[in-house]
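Residues per chain, in single letters:
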Amino acid sequence: MGSSSSSYAPKAIYLDVDGKVQKVVFSRYCSPCDIKELLCSSSNIPRNTAIMMVDSEGSLVSIDPTMPINSPSSLYKVVPLSTGQLGEKEDMFQNVLSQVAEQFSKAFRINELKTEVTNRLAMLEKRVELEGLKVVEIEKCKKDLRKLRDEMTSRGGGRANCPCRYNFPDDGKKPNARRDVPSYPKYTLSRETIEALKKPTFDVWHWEHNEMLSCLEYMFQDLGLVKEFNMNPITLKRWLLAIQENYRNNPFHNFRHCFCVSQVMYGMINLCNLQEKLTLTDLGVLMTAAVCHDLDHPGYNNTYQINARTELAVRYNDISPLENHHCAVAFQILSLPECNIFANVEPEAYKQIRQAIITLILATDMARHGEILDSFKHKVDNFDFTNEEHVICLKMVLIKCCDISNEVRPTEVAEPWVDCLLEEYFMQSDREKCEGLPVAPFMDRDKVTKPTAQIGFIKFVLIPMFETIMKLFPQIEEIMVQPLRDSRDHYEELKQIDDAMTEAQKKKTESMSLGGKKK
């Protein structure tokens, strides 16, 4: 399936020009400057005049390609700005900055200077907000103000003078977020697609990012999570876009992997009838953790992070550095008001949701696989859905199953993922060799093959885990466990072929060597 052609259609808005309706059509790819010139021409206003646009209620409308469209019954109006309105802000900024520069020369009055500048900046910040500037402009101003405060702090002797090798900024890496109304095409999912989404046979390779975003949006709607958490639909769209933008373009750990894990989670919720056994809060935690579980993955695993003593390993004391980082990025995104899908949840309930999501994402560290599976094995024969400890353990096993579930899918869907994973492994092992770090044999391009990489993993990790959860949900055997057994047999056959070819090549080489000696 391809991207919707609607993304290339021009946009049209309607203006009130001297009491008459004026239609203005422009491309979605026009720059804001081009649109402003077009609006000036349509409204009989000289070019290069500073303008603003208001709706029928007098509210400001942003002048850019993402502006909301209107109708002839709800007209926009273009209003020129007076010179005084423009100059006042510039004079105010210039005046403050001039006084700050003058005070910097008085080195022995640093404390008084800090107090004075802080007061002036607070007044300026309040004034800017009262002027009703757009959110993006306010954020830019605040960023400049924080930078100025940091410079003041460093001059007075602060964190910047610390000799520590690792200096982590307070804000850290700010995740990307869309503040305009997201414009990815709205796809109407067919009944066939909706049913396919509930099964692990779903072919994830036929979908583009915009389509995967629409599918994720549908899953949250269908499970009743939007209603349960009183999510703003626009906020849900912004959150999903921010999630996509914070997955890197790695061969394996990318946004498509995020979608795969989330789709299998949605499928297991339906297949195992978890709506009848778990609360909606539990389902929301499962889906949110699945979507966020590998955010900003750098493409190099925990072993590399620890051996290379990376910033992440130092920050998290070698304890699940990647999983801790995924959690941190997830909640940085949720801390943005425009992306907070839990904004309408009570504070105490949000604390519990946050802790539950962290628990699940940390459970995806394969270093904890044996510990988590053993704990679940002790509970599964007498499992109690009213026991909170039992339910937490089940959720941890569920996200682990979904995270490494590719071999549950049909061979033609699963096998390309093996190629992607090996490519990422080989990138890491090549780097480890260059840096003189230990190299795991299963990641070494000179030692591993596709069959040898998969057979042990399927036999000793996947099948035991899925067979354990099958005790609680027998209905998964045919659709999830049997495909794993088939996949194991498939790779064992490939290994036999590879071994036979290697042996034949070895004999041929020995024969040629003996023939050369006789001559």
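Remember, it's a predicted structure, so these values are computed and weren't measured experimentally. (Residues numbered from 1 in each chain as written. Predicted model: local features only at pLDDT ≥ 70, side-chain atom pairs only at ≥ 80, totals over all residues. Heavy atoms only, no water.)

Trainee: Which parts of the structure should I look at to understand the overall build of the chain?
Mentor: For the chain, the helix and strand inventory stands at 19 helices and five strands. Residues counted as buried form 43% of the 519 residues belonging to the chain. Contacts in the chain between residues far apart in sequence, at least 24 positions, make up 70% of those at least 6 positions apart. A total of about 27800 Å² of accessible surface is found on the chain, and carbon and sulfur atoms cover 52% of it. (Helix = DSSP H or I, 4+ residues; strand = E, 2+ residues; numbered from the N terminus. Buried < 20%, exposed > 50% of the residue type's maximum accessible area, 1.4 Å probe, protein only. Contact = heavy atoms within 4.5 Å. Areas by Shrake-Rupley, 256 points an atom, 1.4 Å probe, with all protein chains shown as cover.)

Trainee: For this particular structure, what's the right way to read the UniProt feature "binding site: Zn(2+) 2" (unreviewed entry) in the chain?
Mentor: Under the UniProt annotation, the feature "binding site: Zn(2+) 2" (unreviewed entry) is placed at D294. Here D294 falls in the buried class, since its relative accessible area comes to 5%. For D294, the residues in contact, after removing those within four places along its chain, are Y247, H253, H257, H326 and D403. (UniProt positions renumbered as here; feature names shortened; annotations may be inferred.)

Trainee: Mind showing me how you'd approach the side chain of N270 here?
Mentor: With respect to the helices and strands, N270 occurs in helix α9 (residues 255-271). A distance of 3.4 Å separates the side chain of N270 from the side chain of Q275, its partner in a polar contact. If near-sequence neighbours (up to four positions away) are discounted, N270 is found in contact with K198 and Q275. (Polar contact = N/O pair within 3.5 Å; in protein donor to acceptor, adjacent residues only side chain to side chain.)

Trainee: How should I be thinking about α9 in this particular structure?
Mentor: The periodicity of an α-helix, 3.6 residues per turn, causes residues three or four positions apart to be oriented the same way. Along its 17 residues, α9 runs 24 Å from first to last C-alpha, staying within 8% of the 24 Å computed at 1.5 Å per residue. Counting buried residues in α9 gives 16 out of 17 residues, a clear majority hidden from the surface. The positive-phi residue at the C-terminal boundary of α9 is N273, with phi of around 50°. (Expected span 1.5 Å × (residues − 1).)

Trainee: Could you clarify how one ought to interpret the sheet that holds strand β3 (residues 51-54) in this entry?
Mentor: Paired through backbone hydrogen bonds, the strands of a sheet run either parallel or antiparallel to each other. Here three strands make up an open sheet; going across it, the order is β4-β3-β5 and the pairing antiparallel. Whereas interior strands pair on both sides, the edge strands pair on one side only; in this sheet they are β4 (60-61) and β5 (77-80). Looking at chain direction, β3 and β5 are connected through four bridges and run antiparallel. Looking at β5, one finds that M53 is bridged to V78. (Pairing = 2+ DSSP bridges.)

Trainee: I'm lost on the environment of C327 in this one. Help?
Mentor: Of note, C327 is situated in helix α13 (residues 321-334). Once the C-alpha coordinates of C327 and I361 are considered, the two residues, 34 residues apart in sequence, prove to be 6.7 Å apart. Ignoring anything within four residues of it in the chain, the contact list for C327 reads I358, I361 and L362.

Trainee: Quick question: what am I supposed to make of helix α17 (residues 411-435) here?
Mentor: With 25 residues, α17 ought to run about 36 Å at 1.5 Å a step, and its terminal C-alpha atoms sit 36 Å apart, in line with that. Along α17, the positions that sit buried rather than exposed are V413, A414, W417, V418, C420, L421, L422, E424, F426, Q428, S429 and E432. Phi turns positive, to about 70°, at G436, one or two residues after α17.

Trainee: Looking at this model, I keep getting lost on the nonpolar core. Mind explaining?
Mentor: Grouped burial of nonpolar side chains is what soluble globular proteins tend to show. Core analysis: the largest hydrophobic core is formed by 106 residues, its most contacted members being W239, I243 and F466. Looking at this core element by element, the count peaks at 10 residues for α9. Among all residues touching W239, those that are not within four sequence positions of it are F220, T288, V291, C292, I333, L334, C339 and I341. One finds L15, I45, V61 and M67 within the second-largest nonpolar core, a separate group that totals 16 residues. (Core = buried A, V, L, I, M, F, W, Y, C linked by side-chain atoms within 4.5 Å.)

Trainee: Where do I start with the UniProt feature "binding site: Zn(2+) 1" (unreviewed entry) in the chain in this structure?
Mentor: Within this numbering scheme, the UniProt entry marks H257, H293, D294 and D403 as carrying the feature "binding site: Zn(2+) 1" (unreviewed entry). A compact arrangement is adopted by the annotated residues: their sequence extent is 147 residues, whereas the largest C-alpha distance between any two is 10.0 Å. Structurally, H257 is set in helix α9. You can see H293 is positioned in the loop between α10 (280-292) and α11 (302-307). Judged by its relative accessible area of 0%, H293 is buried. Other than its neighbours up to four places away in sequence, H293 contacts Y247, H257, C258, V261, H326, I361, I399 and D403. A polar atom in the side chain of H293 sits 3.1 Å from the side chain of H257.

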